[in-house]
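Below, each chain spelled out in residue letters.
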Amino acid sequence: FAPKVLAGRKVLITAGPTFEAIDPVRGITNLSSGRMGYAVARAARQAGAAVTLVSGPVDLAVPQGVERVKVRSALDMHAAVMARAAGSDVFVGVAAVADYRVNNAAEHKLKKDTGGIPPIELIENPDILAEVAALKNGPFCVGFAAESRNLEEYAQTKRRKKNIPLIAGNLIQDGFGGDDNRLVLFDDHGSHPLTPAPKSVLARQLVEHIAQLLTGKM
Ligand code: C5P
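Residues numbered from 1 in each chain as written. Predicted model: local features only at pLDDT ≥ 70, side-chain atom pairs only at ≥ 80, totals over all residues.

A. Here's a closer look at the overall build of the protein chain. Of the regular secondary structure elements, the protein chain holds 6 helices and 14 strands. By its C-alpha atoms, the protein chain is 65 × 35 × 35 Å across when sized along the principal axes. Within the protein chain, the proportion of its 218 residues that are buried is 40%. Long-range contacts, defined here as pairs at least 24 residues apart, represent 62% of the contacts in the protein chain between residues at least 6 apart. (Helix = DSSP H or I, 4+ residues; strand = E, 2+ residues; numbered from the N terminus. Buried ≥ 20, exposed ≤ 12 C-beta atoms within 10 Å, placed from the backbone. Contact = placed C-beta atoms within 7 Å.)

So, in structure tokens, the structure goes:
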């Protein structure tokens, strides 16, 4: 039984990878199972929030009571988030958004017997989290940082660069694809390492931490 620490709050969450088309059957993506983001959505719902989950392509069931908006590319995710961000109290960016998309995506399938190796031209995607964080009177913003090393340094740098009050860091080797994870929360008070645990447990702890910062109890 979860305490309703987010009762009456509107929470917007991104989860999963994005997929950037090269042609109708090929694309660029990030590795992300979506499990951490879905666990955060479930935990926020259980804490009493009205939750909208903007999800990239993953193979997961919608958590009970959560509204899911399915998207594919970073631009789709950006549009879905920006349409809802101003009306939200909390935004949690868990998605592994592709940093770049293909600027010259082909309408028809590329054929390998014509034209040699296709040149793929990349163009930068919008930083969804940084844009939401820059909104005037926008939601309380929470980010995720998946790193392969130097977790504290990289996570804190991201937190300051995107100008967000809270970021949850994890090492890729600790959490990818699995049920368990090891998270460290970084905020203005410093770092808060959480005991390694199932993503469902960590999501509840993250939600409680968010609620405490929101209500100014920390
Ligand atoms: O910039 P970087 O990907 O390292 O930061 C990770 C955090 O930023 C995550 O919370 C992720 O969801 C968010 N992000 C985003 N839009 C992007 C890139 C990252 O919302 N284009």
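B. Representation of the nonpolar core. Val 11, Ile 13, Val 40, Ala 44, Val 142 and Val 207 are the most contacted members of the largest nonpolar core, which totals 54 residues. Sorting elements by how many residues they give to this core places helix H1 (residues 35-46) first, with 7 residues. Residues within four places of Ile 13 in sequence aside, it is in contact with Gly 37, Val 40, Ala 41, Ala 44, Val 51, Leu 53, Val 92 and Val 94. (Core = buried A, V, L, I, M, F, W, Y, C linked by C-beta atoms within 7 Å.)

C. Layout of the pairing of strand E4 (residues 50-55). Within E4, 5 of the 6 residues are buried, which leaves the element mostly enclosed by the surrounding structure. Across 6 bridges, the pairing between strand E1 (residues 10-15) and E4 is parallel. Note that in E4 the partner of Leu 12 across the bridge is Thr 52. (Pairing = 2+ DSSP bridges.)

D. Just the packing of H1 against helix H6 (residues 199-214), in detail. With their axes 8 Å apart at the nearest point, H1 and H6 run at an angle of 55° to one another. The angle between H1 and H6 places the two elements in the oblique class. For the pair H1 and H6, the sense of crossing is right-handed. The segment H1 lies against H6, with Arg 35, Met 36, Ala 39, Val 40, Arg 42, Ala 43 and Ala 44 engaging Lys 199, Ser 200, Ala 203, Arg 204, Leu 206 and Val 207. Its residues assigned to classes, the contact of H1 with H6 shows 8 nonpolar, 1 polar and 4 charged. (Axes fitted to C-alpha atoms, helices over the stretch in contact; angles between N-to-C directions. Parallel < 35°, antiparallel > 145°, perpendicular 65-115°, else oblique. Left-handed = near helix turned anticlockwise from the far one by under 90°. Nonpolar A, V, L, I, M, F, W, Y, C, P; charged D, E, K, R; others polar.)

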